[in-house]
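Here is what each chain is made of, one letter per residue.
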Amino acid sequence: MYDEYDFVIDSRKVTPGCIFVAIRGEKTDGHFYVQDALCKGAKYAVVEKEVDAPASQLIKVENTVDFLINTAHDKVQKYKPFVIGITGSNGKTTTKELISRSIGKENCFANPGNFNTEIGLPLSIINHYHGERYLVLEMAMNKFGDIAKLCEVAQPDVSVLLNVGSAHRGVAGNDQAILEGKLQIIEKMRPNGTAVVINDERILRKISTPFLATFGYRKGDYQLLDYCYHDLSTTAVYKTASETVEFNLKSIWNTGQLTNIAAVLAVLDLIKVNYNKDLIENFSPVQGRFKVFKHRDIIVIDDCYNASLESFKVAIETLRKLGKRSFAVVGSIKEQGVYSAQTHQELGKMLEALDGVIVYNSDHEIDFMSCSKEILRTDDAEQVVLFLRKILQPQDVVLFKASRAVQIERVLEKYLEGSK
Ligand code: ADP
């Protein structure tokens, strides 16, 4: 019904003829910007509250987020694509990219990584899905119930559950709520749909679906059997349903990321798409997601995009295998709520495995973290850079990692500029 319109939720991004949808957010309320959006040329504004604007341009609904979800749902119903839904605490974006690129652009639409919420996912479908045969959707969960909502937009034929960790546990409730919330991707899939699930007992005992493929490190139907690192590349061996295959990946992949490839192989088998060895081997991790490179003989790991305990764990494991001495510049893990102290104490224990830890305390949650390997604590990025330049020696490895809100990439950027 609204096929010919672009939908916009930010009045600054209004283009003539679009539909502006007023969303009530935590920081502000889109209803304040309805007049602005209409002045800038929006044809209609979708609202759930009274606003002072010409009635002929208003579409009044009960709930504007549900309106987005229903509109996207209608579009999916119109084209009836084969839907692959992906959730998990870590690895969604990379897994989605590998699956969608393997299927190929002409046949496949995938939502961009940050369009994975109850607002972003429907928006990306409304604005950018044009009837491709496959929909590959990453579905993020901030709170219990989010995944069920996203499945209302597009009910998965294949549901991928990568892992269940502690990310966002302050918002989601507790670890049990996170697990139950993520399991919705399987509960809400199409009847006779297939689940592709990490071989984790805690998860598997909750699943009773008849069509199930498991994957994991040395366990499951699709297995990462072994891996090793060479200079800046990784060799990984997998067992699939029909063969053992070796990939010579052109970059460093951590164990979490390597395990996700087993999930990719399972999904491709299910949909009868052959994996493309070249494509997988040459895939380069997305910016900020454990991207490993050399800078003046120092091995640098850019993992600035986000952080959780689980992604720290795999990062630290890999870090130790790469260089002569291992260092990390770390900041807070956010969205931990009442668990913040516990999370940061656990982080401190994990970091004991390194040779030196530099704490970037631009906010105070990281104050909960203590570690005997700490060698500097500062909120001054410049000071971190000067310190790194003093201590790092050729073949050392240094990881930069914190939650998104910390913007630890600013420190990394300064480090890379500063030592040209
Ligand atoms: P997401 O979209 O879920 O945030 P990404 O593919 O962007 O996932 O990866 C984010 C981070 O998660 C990276 O630091 C990556 O190394 C880490 N990661 C990926 N897969 C796993 C896994 N299975 N276990 C732990 N950490 C992982």
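Read on for an overview of the structure. (Residues numbered from 1 in each chain as written. Predicted model: local features only at pLDDT ≥ 70, side-chain atom pairs only at ≥ 80, totals over all residues. Heavy atoms only, no water.)

A closer look at the site of the ligand
Condition: Proximity is defined per residue: any heavy atom of the residue falling within 4 Å of a molecule or strand makes that residue near it. Any N or O atom pair separated by 3.5 Å or less is treated as a polar contact, with the protein-specific requirement of one donor-capable and one acceptor-capable atom, and with residues adjacent in sequence counted only for side-chain atom pairs. Here the accessible surface of atoms and residues is derived via Shrake-Rupley with a 1.4 Å probe, and residues count as covered only by protein chains that are part of the display. Only DSSP runs of H or I reaching four residues or more are called helices, and only runs of E reaching two or more are called strands; each is numbered from the N terminus. In this classification, Asp, Glu, Lys and Arg are treated as charged, Ala, Val, Leu, Ile, Met, Phe, Trp, Tyr, Cys and Pro as nonpolar, and every other residue, Gly included, as polar.
The local shell around the ligand holds 19 residues, among which Gly 91, Thr 93, Thr 94, Arg 289 and Asp 303 are the closest. Between the ligand and the protein, one listed contact pairs an oxygen atom with a side-chain N or O atom of Lys 92 at 2.8 Å. Between the ligand and the protein, one listed contact pairs an oxygen atom with a side-chain N or O atom of Arg 289 at 2.8 Å. In isolation the ligand has 560 Å² of accessible area, and contact with the protein removes 91% of it. For the shell around the ligand, the secondary structure elements donating two or more residues are α3 (92-103), α9 (255-270) and α11 (309-322). Taken together, the residues of the shell around the ligand break down into two nonpolar, eleven polar and six charged.

Quick look at the environment of Thr 214
Condition: For the exposure calls, accessible area comes from a 1.4 Å probe over protein chains only, and a residue counts as buried if that area is under 20% of its type's maximum, exposed if over 50%, partly exposed in between. Pairs of residues are marked as contacts when any of their non-hydrogen atoms sit within 4.5 Å.
Inspection of the secondary structure puts Thr 214 in strand β10 (residues 212-217). For Thr 214, a relative accessible area of 8% gives the class buried. Remark: the alpha-carbon pair of Thr 214 and Ala 262, spanning 48 residues in sequence, is separated by 9.0 Å. Residues within four places of Thr 214 in sequence aside, it is in contact with Val 197, Asn 199, Leu 204, Gly 220, Asp 221 and Tyr 222.

A word on α9
Operational definition: Here a helix's expected span is defined as the number of its residues, less one, multiplied by 1.5 Å.
With 16 residues, α9 ought to run about 22 Å at 1.5 Å a step, and its terminal C-alpha atoms sit 23 Å apart, in line with that. Taking burial as the measure, the 16 residues of α9 include 13 buried ones, the bulk of the element. The opening residue of α9 is Asn 254, an N-cap whose side-chain oxygen sits 3.1 Å from the backbone nitrogen of Gly 256. Where α9 ends, the next residue or the one after it, Lys 272, has phi of about 60 degrees, a positive value.

Section: the pattern of salt bridges
For side chains bearing opposite charge, pairing can occur when the charged atoms are close. For clarity, the cut-off: What counts as a salt bridge is simple: a side-chain nitrogen of Lys or Arg found within 4 Å of a carboxyl oxygen of Asp or Glu.
For the structure on display, the rule yields 25 salt bridges. Among the ionic pairs, Asp 29 bridges to Lys 49, the shortest N-O distance being 2.4 Å. With Asp 29 in the loop between β2 (19-21) and α1 (34-39) and Lys 49 in the loop between β3 (44-47) and β4 (58-60), this residue pair connects regions lying 20 residues apart in the sequence. Bridged by salt links that share partners, the residues Lys 96, Glu 97, Arg 101 and Glu 138 form one connected network.

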